[in-house]
Amino acid sequence: MLGAGGVTGAAYQVGTLMALHMATGWWPGDADVIVGTSSGAFLTALIRGDATDLDSLTDESLAGKDIEEWLHERIYRRVPPRGLVRWLTRGIIPGITRPGVGLVLGSPGMYSTDPLAEWVDSALGDLALGWPSKPTVVVAYDLESRTRVPFGTEGAPEISLRDAVAASSAVPVIYEPVEVDGRLYVDGGLASGTSLDLVLGSPEPLDLIVVIAPMAPTTGRDGGRFYEDFMDRAGRGALANELALVRRSWPDTDVLVLRPDDRVLAVCRPNLMSVDAAVPTVMATLRSMRDELAHPSTWRVLAEHIDTASR
């Protein structure tokens, strides 16, 4: 499970997956099922396309540029403000009777998700226009119905992987909603930071579920902004409910939840969309995971399910 979390959330997940691979030799592309939400959707696409090596994550255009400038070009492309009527009818008016995050639904965005879709194109080639053969779910949010849409599952609209990633990543206010076949979609994290419960669609119970949850830290950040606490509480609450459902449904399945600790939060906050914090977040995550994965309770679960004998 690869959760939402913006640019720094993606960096945390990259660092976590690197640490898991170095510690156990396990490759995330071998997972039977992958569910990705928002920034986790982008990584889901790269993993299924076997494109998580350094050459796939970057390209020759990086030469002569620093990583922050390169990332900014691939994440932020400005668009003219538009969609005020859409915001009024789908966000503001419904939000009067149901206050909350729904107020931002359909709001004009400053940026387009086209660069993210193009990044998926360049990394995956033909797969970007299709869908992985192994079970893969990308979660977005339908503006009209105000419901979660798990692309890649039965009953969900057919969509290309590139468009699903763009839709799932369209953070309200920052990015324009993504239109696919006449429907408007935004960030899947509005429904849930991880959508862990979607794994229950698997025909057979899984042996091990690894959840990487950037938006559900166990504790808050010292000196954090008021909205950080709100987001963290919401993330922890949603994940706790989903964990309870999975454990009731699959009591024999081990679930390992990996969350950012205070060392990671210190560098990845308060701006989750900061490209300047991406590399520091990866480095802080590697240091954090060194301790997390070595903890007896964590290592015991990994050793039981992953061949670590030669590590």
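Rules of the game
- Position labels on residues start from 1 in each chain and follow its written sequence.
- Only residues with pLDDT of at least 70 get local features here, since the model is predicted, and only at 80 or more are side-chain atom pairs given and counted; chain-wide, interface and lining totals rely on the full set of residues.
- Computation of side-chain values: all heavy atoms of the structure, hydrogens and water removed.
- Here a helix means four or more residues in a row that DSSP labels H or I, a strand means two or more in a row labelled E, and each is numbered from the N terminus.
- Here a residue-residue contact requires only that any non-hydrogen atoms of the pair lie within 4.5 Å.
- In this scheme Phe, Tyr and Trp rings, the latter by its six-membered ring, pair at centre separations within 6.5 Å, and the angle between planes marks the pair as stacked below 30 degrees, edge-to-face above 60, and tilted otherwise.
- Throughout, exposure labels follow a simple rule: accessible area from a 1.4 Å probe, protein chains only, divided by the maximum for the residue type, with under 20% read as buried, over 50% as exposed, and the rest as partly exposed.
- Think of a patch as exposed residues, more than 30% relative accessible area, with no salt bridge, where like charges cluster within 9 Å and nonpolar side chains (Val, Leu, Ile, Met, Phe, Trp, Tyr) cluster within 5 Å.
- Calculation of accessible area relied on Shrake-Rupley with a 1.4 Å probe; when residues are assessed, cover is drawn exclusively from the protein chains displayed.
- Only one rule defines a salt bridge in this text: a Lys or Arg side-chain nitrogen within 4 Å of an Asp or Glu carboxyl oxygen.
- Charge counting treats Lys and Arg as positive and Asp and Glu as negative, with His and both chain ends excluded.
- By convention, the charge on Lys lies at NZ, on Arg at CZ, on Asp at CG and on Glu at CD.
- Picture the helix axis, draw a direction to every C-beta atom, and the arc is the one those directions span.
- Axis definition: a line fitted to C-alpha atoms, over the contacting stretch in the case of helices. Angles run 0 to 180 degrees between N-to-C directions.
- Any angle between 65 and 115 degrees counts as roughly perpendicular, while under 35 counts as roughly parallel, over 145 as roughly antiparallel, and the rest as oblique.
- Amino acid classes used here: Ala, Val, Leu, Ile, Met, Phe, Trp, Tyr, Cys and Pro are nonpolar; Asp, Glu, Lys and Arg are charged; the rest, including Gly, are polar.
- By definition, turning the near helix anticlockwise from the far helix through less than a right angle yields a left-handed crossing, and turning it clockwise yields a right-handed one.

### Considerations on the side chain of Ser38
Within the element layout of this structure, Ser38 appears in the loop between strand 1 (34-37) and helix 2 (39-48). The residues contacting Ser38, other than those within four sequence positions of it, are Ala4, Val139, Ser168, Ser169 and Asp187.

### Some words on the packing of aromatic side chains
Applying the stated rule across the entire model yields seven aromatic pairs. With centroids separated by 4.7 Å and ring planes inclined at 55°, the aromatic side chains of Phe42 and Trp119 adopt a geometry described as tilted. Pair noted here: Phe42 is in helix 2 and Trp119 is in helix 6 (residues 114-124), with a separation of 77 residues, a long-range link. Each member of the pair, Phe42 as well as Trp119, is classed as buried. When the centroid spacing of 5.3 Å and the interplanar angle of 90° are considered together, the rings of Trp70 and Trp119 count as edge-to-face. You can see Trp70 sitting in helix 4 (residues 67-75) and its partner Trp119 sitting in helix 6, a full 49 residues away along the chain.

### Focus: a negative patch on the surface
On the surface, a cluster of negative charge is made up of Asp30, Asp32, Asp207 and Glu304. With respect to the helices, strands and loops of the structure, Glu304 is situated in helix 11 (residues 296-305). Overall, Glu304 belongs to the exposed group, its relative accessible area being 60%.

### Focus on helix 4
Those residues of helix 4 lying buried are Trp70, Leu71, Arg74 and Ile75. The buried residues of helix 4 occupy one face: seen down the axis, they fall within an arc of 125°.

### Focus on the pattern of salt bridges
This structure, assessed with the given rule, holds 13 salt bridges. Overlapping salt bridges bring together Arg221, Glu228, Asp232 and Arg269 as one network.

### Let's talk about the packing of helix 4 against helix 6
Orientation of helix 4 relative to helix 6, taken along the N-to-C sense of each, is 105°, at an axis distance of 6 Å. Taken together, the axes of helix 4 and helix 6 lie roughly perpendicular to each other. On helix 6, the residues touching Trp70, Leu71, Glu73, Arg74 and Ile75 of helix 4 are Pro115, Leu116 and Trp119. Residues of the contact of helix 4 with helix 6, tallied by class, amount to six nonpolar, no polar and two charged.

### A short note on the packing of helix 2 against helix 6
The N-to-C vectors of helix 2 and helix 6 enclose an angle of 15°; their axes lie 10 Å apart at closest approach. One way to sum up the angle between helix 2 and helix 6 is to call them roughly parallel. In the crossing of helix 2 with helix 6, the sense of the turn from one axis to the other is right-handed. Contact residues: helix 2 offers Phe42, Ala45 and Leu46, while helix 6 offers Leu116, Trp119, Val120, Ala123 and Leu124. Here the contact of helix 2 with helix 6 is composed, by residue class, of eight nonpolar, no polar and no charged.

Take it as geometry only, folks, not as evidence of what the structure does.
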